[in-house]
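Architecture at a glance
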Amino acid sequence: MRERWSVGVVCALLAALVTGCSSAGGSDRGDGRLGRKASAAPTVTQPTGYGAVFLGVDECSSFGTTSFTEVPCTSERAAARVVARYDGEVGSGPPCPATTDFVLHISAQGSSGAGRDGVIPKGYACMRNLEPPHPGDPGGGGGPRTIVGDCVYGSGSGQVRETACDGSGQRKPQYRVVKAVLRRASCPASTALYVQLGGEQPVGCARPV
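Residues numbered from 1 in each chain as written. Predicted model: local features only at pLDDT ≥ 70, side-chain atom pairs only at ≥ 80, totals over all residues. Heavy atoms only, no water.

A closer look at the overall build of the protein
Note the threshold: Every helix listed is a DSSP run of H or I at least four residues long, and every strand listed is a run of E at least two residues long, numbered separately from the N terminus. Only protein chains enter the calculation, and the probe is 1.4 Å; a residue is then buried if its accessible area is under 20% of its type maximum, exposed if over 50%, and partly exposed in between. Any two residues whose heavy atoms approach within 4.5 Å at even a single point are treated as in contact. Here the accessible surface of atoms and residues is derived via Shrake-Rupley with a 1.4 Å probe, and residues count as covered only by protein chains that are part of the display.
Scanning the protein from N- to C-terminus turns up zero helices and 14 strands. Along the protein, from the amino end to the carboxyl end, the secondary structure elements read β-β-β-β-β-β-β-β-β-β-β-β-β-β. A total of 209 residues make up the protein; the buried ones form 45% of that total. In the protein, the proportion of contacts linking residues at least 24 apart, taken out of those at least 6 apart, comes to 55%. Of the roughly 10200 Å² of accessible surface on the protein, 51% is carried by carbon and sulfur atoms.

Some points on the packing of aromatic side chains
The following threshold applies: Pairing of aromatic rings covers Phe, Tyr and Trp, the last counted by its six-membered ring, and requires centre-to-centre distances within 6.5 Å; plane angles under 30 degrees mean stacked, over 60 mean edge-to-face, and any other angle means tilted. Charge-over-ring placement is defined geometrically: NZ (Lys) or CZ (Arg) within 6 Å of the ring centre, and within 35 degrees of the ring normal.
Counted according to the given criterion, the structure contains one aromatic pair. Taken together, a centroid distance of 5.4 Å and an interplanar angle of 45° make the contact between Tyr86 and Tyr124 tilted. In this pair, Tyr86 is assigned in strand S5 (residues 80-87) and Tyr124 in strand S9 (residues 123-129), connecting sequence segments 38 residues apart. Looking at Arg184, its charged tip hangs above the ring of Tyr194, at a distance of 5.4 Å from the centre.

Comments concerning the nonpolar core
Quick reminder of the rule: Take the buried Ala, Val, Leu, Ile, Met, Phe, Trp, Tyr and Cys residues and link them wherever side-chain atoms come within 4.5 Å; each set so joined is a nonpolar core.
Judged by nonpolar contacts, Phe54, Leu55, Phe63, Phe68, Ala79, Ala80, Val82, Phe102, Leu104, Ile106, Ala125 and Met127 together constitute the single largest core of twelve residues. Among the elements that make up this core, the one with the highest residue count is strand S6 (residues 102-106) (three residues). Val177, Ala180, Ala192 and Val195 belong to the second largest nonpolar core, which has ten residues in total.

As for the state of the cysteines
Spelled out, the test is: Sulfur atoms of two cysteines make up a disulfide when they are within 2.5 Å.
Counted by the stated rule, this structure contains four disulfides. Linked covalently through their sulfurs, Cys60 and Cys73 form a disulfide whose S-S length is 2.0 Å. Note on the Cys60 and Cys73 pair: the S-S dihedral is about 100°, so by sign convention the disulfide is right-handed. Of this pair, Cys60 sits in strand S3 (residues 60-61) while Cys73 sits in the loop between strand S4 (70-71) and S5, and the two are 13 residues apart along the sequence. Accessibility expressed as a relative area gives 0% for Cys60, which makes it buried. Using a relative accessible area of 29% as the deciding quantity, one classes Cys73 as partly exposed. Sulfur-sulfur distance for the disulfide between Cys151 and Cys165 comes to 2.0 Å.

Overview of the pairing of strand S14 (residues 203-208)
Just so we agree on the cut-off: Paired strands are those between which DSSP finds at least two bridges.
Note that strand S12 (residues 175-181) and S14 share six bridges and pair antiparallel. Residue Arg176 lies in a different strand from S14, and its bridge partner there is Arg207. Two elements, strand S13 (residues 193-196) and S14, share four bridges in a ladder whose sense is antiparallel. Its bridge partner being in S14, Val195 is matched across the sheet by Gly204. Counted along the chain from S13 to the antiparallel partner S14, the turn is six residues long, and its residue Gly198 has a positive phi close to 80°.

Let's talk about the confidence of the model for the protein
To be explicit about the condition: Confidence scores here are pLDDT values: one per residue, from the predictor, ranging 0 to 100.
With 67% of its residues at a pLDDT of at least 70, the protein reaches an overall mean of 77. Contacts for the low-pLDDT stretch residues 1-48, under 50 throughout, to residues beyond four places or in other chains number 161 contacts. Between residues 112-116, whose pLDDT stays under 50, and residues either more than four places distant or in other chains, the model counts 13 contacts.

Side note on the sheet that holds strand S11 (residues 159-163)
Keep this limit in mind: In this description, a line fitted to the C-alpha atoms serves as the axis of each element, helices being fitted only across the stretch in contact, and the angle between N-to-C directions of two axes falls anywhere from 0 to 180 degrees.
Read from one edge to the other, the open sheet built from five strands follows the order S11-S10-S12-S14-S13, with strand pairing classed as antiparallel. Unpaired on one side and paired on the other, S11 and S13 mark the two borders of the sheet. On average, adjacent strands in this sheet sit at an angle of 45° to one another, irrespective of strand direction. Where strand S10 (residues 151-156) meets S11, five bridges bridge the pair, whose relative direction is antiparallel.

Okay, here's the thing in structure tokens:
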């Protein structure tokens, strides 16, 4: 028996699979502050289940404008694979792998039926498209994380947002993250912008493009 759980999409990727999260946080050159990656507003969806655990690691989902359905990875409907799965809130849990294309936020729900007893804990699934485009790749213009190789543009108020390095996005790139370091003092002298990346090397050193 299949069940349905409500899912909040941190970065909704529609059927066209054109973009992932299209924004990143940072600072403009004027104040030099570190910034945060901006995230899209959650969208409520109604997925149906397939495996013993909804969207476990290495399981796949199809896409829809209002729902994400778990399907066999061999299905022609399969569009993205779970590369990591964590319990808890996205902001307080481990970061997704660097080249994650988008994140699904899964709300806590009760479960029943064979192989699904108890409560499904709140968590999030880090998703990677089965086929290009991959907005989470360096320079891809999206994904839940800003990584080395990504490009950004100034969005005002001391913030920057991520955009495709090849200029195919709605905004042209102004800076490229060329190095990740522990402290700003370790950035090259040519650094014009510091971007918050998170992880073990949280400071991104960016140069004009």
